[in-house]
Amino acid sequence: MNIGYLGPVGTFSYQVAHRVFPEEQHTAYTTISECLDAVAANEIDVCLVPFENAIEGTVNVTLDYLYQNDVPPIQAEYILPISQNIMVNKQRSSDWQEATTILSHPQGLAQCHDYLTKNFPHIKREAVSSTAFAAEYVSTHPDEKTLAIAPLFAAEHYDLDVVRANAQGNMHNETRFIALSNQKLTIADDPIETKTTLLLKLPDNDSGTLHTMLSTFAWRNINMSKIESRPTKTRLGQYFFHIDLDVGADNRLLDNAMVEISLLGGTVKVLGSYDVYKIK
């Protein structure tokens, strides 16, 4: 199989791809959208992208793409512990505290907000496509007073000095990565849970509509572990809801709930029913 992931080499997506699929072919993509485009076009067999971080919440680029486009279903979810580290080109190790710019993926910058505010209140924070791109840039621009926030693997791969390990604000930081594919994935590890993820759009904004829709799950004792709203980007005040349910695909009560929501005028897009795995 060909496994697509958010590259370049050294990203957290890269780590998940190589830990879960060590013997498969791997293809790096510059952006999350490009990776999702590739699996939708059957250019790759599996797409691995970040979906949610414990500190910063949902990766909206991923969620919005899944709402707006047709893609293969989610076949599995992988939870990866996240360590964000500040690193510098070895030629600038002696004066790294004089850096004027720090690069990282927007989530990396946000996760290290408290540390940067306290220790580098005036440094320019520049968002780039991935943490590994930030590390690669710093490695190839020793003349610039620039730091990167990236995983330890990126520091090793790009031969950088780590000047502050675990700069994230939460030592229990984790990220959910989802694997989208038209193929069922064979995974040797035991899952920690099973869930179904869906997107719900209400028929209108009448009072009580959302409550009525969600009641279809409540009275069937289907636990809802997550709900959040996102704008549909069609017009102001229009939203869809991202919902996680603690049930699998072979649940007749879930099927009945989907039918009831449809009869009530709601529109449901099921992203997948899948197992969740913890990467240690």
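See the structure printed just above.
## Observations concerning the environment of tyrosine 158
Phase 1: As for its position among the elements, tyrosine 158 is in the loop between helix H7 (152-157) and strand E10 (160-164).
Phase 2: Relative accessible area serves as the criterion here: at 13%, tyrosine 158 is assigned to the buried category.
Phase 3: Along the chain, tyrosine 158 and valine 20 lie 138 residues apart, while their C-alpha atoms are 23 Å from each other.
Phase 4: Residues within four places of tyrosine 158 in sequence aside, it is in contact with Pro8, Val9, Ala132, Ala135, Glu136 and Ser139.

## So, the layout of surface pockets
Phase 1: Computed from the structure, the largest pocket encloses a volume of approximately 190 Å³.
Phase 2: Forming the boundary of the largest pocket are Arg19, Val20, Phe21, Tyr78, Thr186, Ile187, Ala188, Asp189, Tyr277, Lys278 and Ile279.
Phase 3: Mapped onto the lining of the largest pocket, the elements with two or more residues apiece are helix H1 (12-20) and strand E15 (267-278).
Phase 4: Each residue belonging to the lining of the largest pocket can be placed in one class, and the counts come to seven nonpolar, one polar and three charged.

## Notes on the packing of aromatic side chains
Phase 1: Here the structure, examined in full by the defined rule, presents six aromatic pairs.
Phase 2: Aromatic side chains tyrosine 115 and phenylalanine 120 sit 6.5 Å apart centroid to centroid with 50 degrees between the ring planes, which places their arrangement in the tilted category. Both residues of the pair, tyrosine 115 and phenylalanine 120, belong to the buried class.
Phase 3: Following the ring pairs from residue to residue traces out a cluster consisting of Tyr5, Tyr14 and Phe153.

## Re empty space enclosed by the protein
Phase 1: Applying the stated criterion across every chain, the model contains one cavity of 30 Å³ or more.
Phase 2: If you add up the space inside the largest cavity, you get close to 190 Å³.
Phase 3: The wall of the largest cavity is formed by 17 residues, among which Phe12, Pro50, His105, Gln107 and Phe177 lie closest to the centre.
Phase 4: Within the residue set of the lining of the largest cavity, elements represented by two or more residues are H1, strand E3 (46-53), helix H4 (106-111) and strand E11 (174-180).
Phase 5: If one sorts the elements of the lining of the largest cavity by residue count, H4 sits on top with three residues.
Phase 6: Partitioned by chemical class, the residues of the lining of the largest cavity number six nonpolar, eleven polar and no charged.

## A word on the nonpolar core
Phase 1: Counting 24 residues, the largest nonpolar core has Leu36, Ile44, Cys47, Val49, Leu66, Ile178 and Leu180 as the members making the most contacts within it.
Phase 2: Take this core: its biggest share by element is five residues, from helix H2 (residues 32-40).
Phase 3: If we skip the residues at most four places from it in the chain, cysteine 47 touches Gly4, Cys35, Leu36, Val39, Ile178, Ala179 and Leu180.
Phase 4: If you look at the next biggest cluster of nonpolar residues, it comprises 19 residues, including Tyr5, Val46, Leu80 and Ala179.

## Some details on the environment of aspartate 189
Phase 1: Checked against the element boundaries, aspartate 189 lands in the loop between E11 and strand E12 (193-201).
Phase 2: Judged by relative accessible area, which is 51%, aspartate 189 ranks as exposed.
Phase 3: Considered as a pair, aspartate 189 and arginine 125 are 64 residues apart in the sequence and their alpha carbons are 39 Å apart.

## So, the packing of helix H8 (residues 209-218) against helix H9 (residues 252-263)
Phase 1: Remark: H8 packs on H9, axes separated minimally by 9 Å, with the N-to-C direction vectors making an angle of 160 degrees. Put simply, H8 runs roughly antiparallel to H9. Here the hand of the crossing between H8 and H9 comes out right-handed. Along its contact with H8, which presents Met213, Thr216 and Phe217, the element H9 presents Leu254, Ala257, Met258, Glu260 and Ile261.
Phase 2: Each residue belonging to the contact of H8 with H9 can be placed in one class, and the counts come to six nonpolar, one polar and one charged.

## With respect to the pattern of salt bridges
Phase 1: Tallying each qualifying case throughout the model produces 15 salt bridges.
Phase 2: The shortest N-O distance in the salt bridge between arginine 176 and glutamate 52 comes to 2.5 Å. Within this pair, whereas arginine 176 is found in strand E11, its partner glutamate 52 is found in strand E3, the two being separated by 124 residues in sequence.
Phase 3: Measuring nitrogen to oxygen at the nearest pair gives 3.0 Å for the salt bridge that ties arginine 92 to aspartate 95.

## Here we look at the sheet that holds strand E7 (residues 101-104)
Phase 1: Read across the sheet, five strands follow the order E8-E7-E9-E6-E10 without closing on themselves; strand pairing throughout is mixed. The open sheet is flanked by strand E8 (124-127) and E10, the only strands paired with a single partner. Looking at each pair of strands side by side, their axes are set apart by 35 degrees on average, direction ignored.
Phase 2: Pairing of strand E6 (residues 85-89) with E10 involves four bridges; the strand directions are antiparallel. The partner of isoleucine 86 across the bridge, within E10, is arginine 164.
Phase 3: Sheet contacts for helix H6 (residues 131-140): E6, E7, strand E9 (146-150) and E10; angle to E9, the most-contacted strand, approximately 150 degrees.

Criteria and thresholds
Residues numbered from 1 in each chain as written. Predicted model: local features only at pLDDT ≥ 70, side-chain atom pairs only at ≥ 80, totals over all residues. Heavy atoms only, no water. Helix = DSSP H or I, 4+ residues; strand = E, 2+ residues; numbered from the N terminus. Buried < 20%, exposed > 50% of the residue type's maximum accessible area, 1.4 Å probe, protein only. Contact = heavy atoms within 4.5 Å. 1 Å grid on protein atoms, 1.4 Å probe; cavity = no way out; pocket = protein on both sides within 12 Å on 5 of 7 lines; lining within 4 Å. Points joined across faces, edges and corners; volume = space filled by probe spheres on them. Nonpolar A, V, L, I, M, F, W, Y, C, P; charged D, E, K, R; others polar. Phe/Tyr/Trp six-rings, centres within 6.5 Å; stacked < 30°, edge-to-face > 60°. Core = buried A, V, L, I, M, F, W, Y, C linked by side-chain atoms within 4.5 Å. Axes fitted to C-alpha atoms, helices over the stretch in contact; angles between N-to-C directions. Parallel < 35°, antiparallel > 145°, perpendicular 65-115°, else oblique. Left-handed = near helix turned anticlockwise from the far one by under 90°. Salt bridge = Lys/Arg side-chain N within 4 Å of Asp/Glu carboxyl O. Pairing = 2+ DSSP bridges.

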